[in-house]
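The lines below spell out each chain.
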Amino acid sequence: MNNAVNNGVWSGSWVAERLGVQLEGDDTLTSLLGLALRRNPKRAHLLVSNVLGKHVPQSPTVVHGVGHGLGRRVRDLLGDEDAAAAVVLGYAETATGLGHCVADGLGLAPYLHSTRRPVPGVARAGGFEESHSHATSHLLLPEDPTLLVGDGPLVLVDDEFSTGNTVLNTIRALHERYPRRRYVVVALVDMRSPADAGRLDDLAREIGARVDLVTAATGTVRLPDGVLEKGQELVARHETAPPAPGGAGAPRPTRVDLHWPAGLPDGGRHGFTPAHRARLENALPAMAARLAQALPAGARRVLVLGFEELMYAPLRLARELEQTTGIEVRYSTTTRSPVLAVDDPGYAIRTRLLFPAHDDPADGPGERYAYNVAGAGFDAVVTVVDSVADTPALHAPDGLLAQLAAQTPHVLLAVVPSYVPGPVALPERPPMLPEPLRGPAFSSYAPEEVGWLLQDLSDVTLEAPTEEREEAIQSGGAHYAESLPVEYQPSEQYQAIFHSALEESAARLAQAVGAVTEIVLAERSPRPVLVSLARAGTPVGVLMRRWAQFRHGLELPHYAVSIVRGRGIDANALRWLARHHDPRDVVFVDGWTGKGAITRELATAIREFEATDGITGFDPEIAVLADPGSCVRTYGTRDDYLIPSACLNSTVSGLISRTVLRADLVGPHDFHGAKHYRELAASDVSVAFLDAVSARFPEVTDAVDATAKELLSADRTPTWEGWAAVERISEEYGIHDVNLVKPGVGETTRVLLRRVPWKILARAGAGADLAHVRLLAEQRGVPVEEVPDLPYTCVGLIHPKYTRGATGADGRAVNL
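Please read these numbers as outputs of a predicted model, since none were measured by experiment.

A. Geometry of the environment of Met311. Following the sequence through the fold, Met311 ends up in the loop between β14 (301-307) and α11 (312-324). Here the alpha-carbon distance between Met311 and Thr96, two residues 215 residues apart in the chain, equals 6.4 Å. Look past the residues within four positions of Met311 in its chain and what remains in contact with it is Leu52, Gly53, Lys54, Glu93, Thr94, Thr96, Gly97, Tyr331 and Thr333.

B. Looking closely at the sheet that holds strand β13 (residues 254-256). Strands sit in the order β13-β19-β18-β14-β15 across an open sheet of five strands; the sheet is parallel. Because the sheet does not close on itself, it has two edges, and the strands there are β13 and β15 (328-334). The average undirected angle you get between the axes of adjacent strands in this sheet is 25°. As defined by bridge partners, β13 adjoins strand β19 (residues 411-416) across three bridges and the pair is classed as parallel. Along β19, the bridge assignment pairs Thr254 with Leu412. Sitting on the sheet, α11 touches β14, β15 and β18 (380-386), and the angle it makes with β15 is about 175°.

C. Layout of the packing of helix α6 (residues 165-177) against helix α8 (residues 199-207). In the contact formed by α6 and α8, the axes pass within 11 Å of each other and the chain directions differ by 10°. As the angle between them shows, α6 and α8 are arranged roughly parallel. Side by side, α6 and α8 meet where Asn165, Val167, Leu168, Ile171, Arg172 and His175 of the first sit next to Arg199, Leu200, Leu203, Glu206 and Ile207 of the second. Tallied by class, the residues present in the contact of α6 with α8 amount to six nonpolar, two polar and three charged.

D. Spotlight on the sheet that holds strand β31 (residues 741-743). Read across the sheet, four strands follow the order β31-β34-β32-β33 without closing on themselves; strand pairing throughout is mixed. Bordering the open sheet on either side are β31 and β33 (784-787), each of which pairs with just one other strand. Adjacent strand axes in the sheet meet at a mean angle of 20°, parallel and antiparallel pairs treated alike. Bridge count between strand β32 (residues 757-763) and strand β34 (residues 794-798): five bridges; the pairing is antiparallel. Looking across to β34, one finds that Lys759 is bridged to Leu797. Strands in contact with helix α21 (residues 721-732) are β31, β32 and β34; relative to β31, the strand with the most contacts, it is inclined by about 140°.

E. Highlighting the nonpolar core. Within the largest apolar cluster, 131 residues are counted, with the highest numbers of intra-cluster contacts made by Leu23, Leu37, Val88, Val155, Leu156, Val186 and Tyr347. The leading source of residues in this core is strand β11 (residues 182-190), at seven residues. Once you skip the residues sitting within four places of it in the chain, Leu37 turns out to touch Trp14, Val15, Leu19, Ala44, His45, Gly231, Leu234, Val235, Val339, Leu340 and Tyr347. Of all hydrophobic cores here, the second largest spans 64 residues; its members include Tyr445, Leu530, Ile643 and Leu690.

F. Highlighting the packing of helix α3 (residues 60-78) against helix α5 (residues 96-106). At a closest axis distance of 6 Å, the pairing of α3 and α5 adopts a crossing angle of 50°. In terms of axis orientation, α3 runs oblique to α5. As α3 runs across α5, the sense of the crossing is right-handed. Contacts between α3 and α5 involve His64, Gly67, His68, Leu70, Gly71, Arg72, Val74 and Arg75 from the first element and Leu98, Cys101, Val102, Asp104, Gly105 and Leu106 from the second.

Thresholds applied
Residues numbered from 1 in each chain as written. Predicted model: local features only at pLDDT ≥ 70, side-chain atom pairs only at ≥ 80, totals over all residues. Heavy atoms only, no water. Helix = DSSP H or I, 4+ residues; strand = E, 2+ residues; numbered from the N terminus. Contact = heavy atoms within 4.5 Å. Pairing = 2+ DSSP bridges. Axes fitted to C-alpha atoms, helices over the stretch in contact; angles between N-to-C directions. Parallel < 35°, antiparallel > 145°, perpendicular 65-115°, else oblique. Nonpolar A, V, L, I, M, F, W, Y, C, P; charged D, E, K, R; others polar. Core = buried A, V, L, I, M, F, W, Y, C linked by side-chain atoms within 4.5 Å. Buried < 20%, exposed > 50% of the residue type's maximum accessible area, 1.4 Å probe, protein only. Left-handed = near helix turned anticlockwise from the far one by under 90°.

So, in structure tokens, the structure goes:
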């Protein structure tokens, strides 16, 4: 009963033999579709999908997988930038779940489905007609009135593309009100006749927009003359057969409290955003576990039955139940569509349960149906409805629950709260965040290389002398992110060291860039969204983006965001990312690890963000070029060596300052700030650094493959050796504050450029990697102490308890 082909018999053969209807097309067509007859004055036959989860109970993993796969194809067609600007629209009632699954596959776009249920207080944003359906009027009721506004692509999802009338009506109606450049039509099957096939192209020319089509299978239905009349006659003849028996009394279903997340929409009737999707993903395991606990002991075959337009929530619950238990789970939904039932293996609708509507429909009372449930041998049926449909009619002696109780020994009822949109202007909703800043207006990087989720504070004086800043920071009078150090201007000798180091290390850097990018693509996401931690991570993020383009032809999105020790990551930047991308695709990028403070900071910040915003899916694991502190799993190398971008400040980082977080400049709904030092353009080597490294990509390809293969098979569990070493050094040198111990070449360089250094510890025998460190230390009068068996190449010690009158001490005991 659950397949379009049963024991070698196609479930469309009964109709085909009696009416002469023929399905022609892809080899997969008969496995996807069966045929049935229905009471409809416009079309007698019905294409019954085996993978939609509407009329034929099917594995929920199969149902979700088909829609998700179509969504991935749409994302590949559009590219990430257009996918993030798109809106997905599904058709009620049959394709509400399919459209939502397509949106899941697309990953970046909000979802809305049309509805036949008016909702008091929600204004219509449009509507259209479905000419062949038994119920024609589709309403669009988005909570966000701007959801359909914009020039991004509109992705229209239906179960079948038969004549094209519904899609043509939709595009015409919406284009008149919300014109855009591009539409994508998605359907399980394209069954248009040759005469209808050209109408979509005609419409595209008519409105001056591009219209693409994505389908799982293609074919044509051949209908002989007089098929409508013959079909109606067959329906009349066979409808005299009694429907499946119902219950004799009011049943007592087992209610299951799902603990549905407060404020989470039950579906796409009013819009469903990527942030909503992340919340649902986070809540599904616990909700499915509650269902599993409520099932009878020994249940082996279970149906999760959705309700009309409420297809997606029960589908996801069913899929989670299937994947986390050993139970054979099937999924389908009730429907308004009247279809003839014939108990024959060559017919798609074998049995029918009939019951009265139980949600006070706007078009009045009427019959509703559940197909292929009776006689299917389910040990239990989990009925999932929204709270609007949990009415006395549902529990009545002739209601749905009574009909199910006659077919299975156990009926469970799970009620999802019907989502009621709040006022149009929600007081807690922050203002619309601006689009990312891009070069050349902000930074010297090309605009496609990185988008900065920052605000431009270039006109604000933020610099203070290094010694003044250090005293204020250590005395607790100011946070380091409230001001900026005066930008270090390198001498000719120092610039020569930078260029020499770049020439010597470019190939080594290219290999590390390639290796970490390959690990990200293999383990984190096939199409990651790179989010570098400004500013040290930004050159690395650009290089990773270039490697993905060079080796795989991928155009990865890349953004830079601010993270501040002790203050966390920019929450508004996370909100922007969640609105435009799937948080699960986001990969945070930094240059290197020291003791792992930022790694811990990010993990804490993400946990707090999830708790306050309810947005989940962001992975706090950082991808770095070098991990000498053994703090992360995703890295290109764990060697502590000179990364030339650590040698300089803004002039190797797109002329952008370190980020700023100060209450009088950054409001609760603002991005963190930074400055663009346009006046330093003559000294800028940012693009030269990137070009020097990426020019070596071709020669390191084989080495990258070998390194990535080795790393992917290795145990990369962080040991946090760096943190332990820092704690030892902090105690040994009497500092007693790990924040004043900066391990590794990169962090030591930062100490010399930005802070008040006290002394530098260098591993005995370290060579060229420390040439620039020794030069900076000499210029600032800072002693360099050779230390045997140092776990890092070098460690920078910030002057403890600094005041401008401090004299330091003998190197072991500090005057506190």
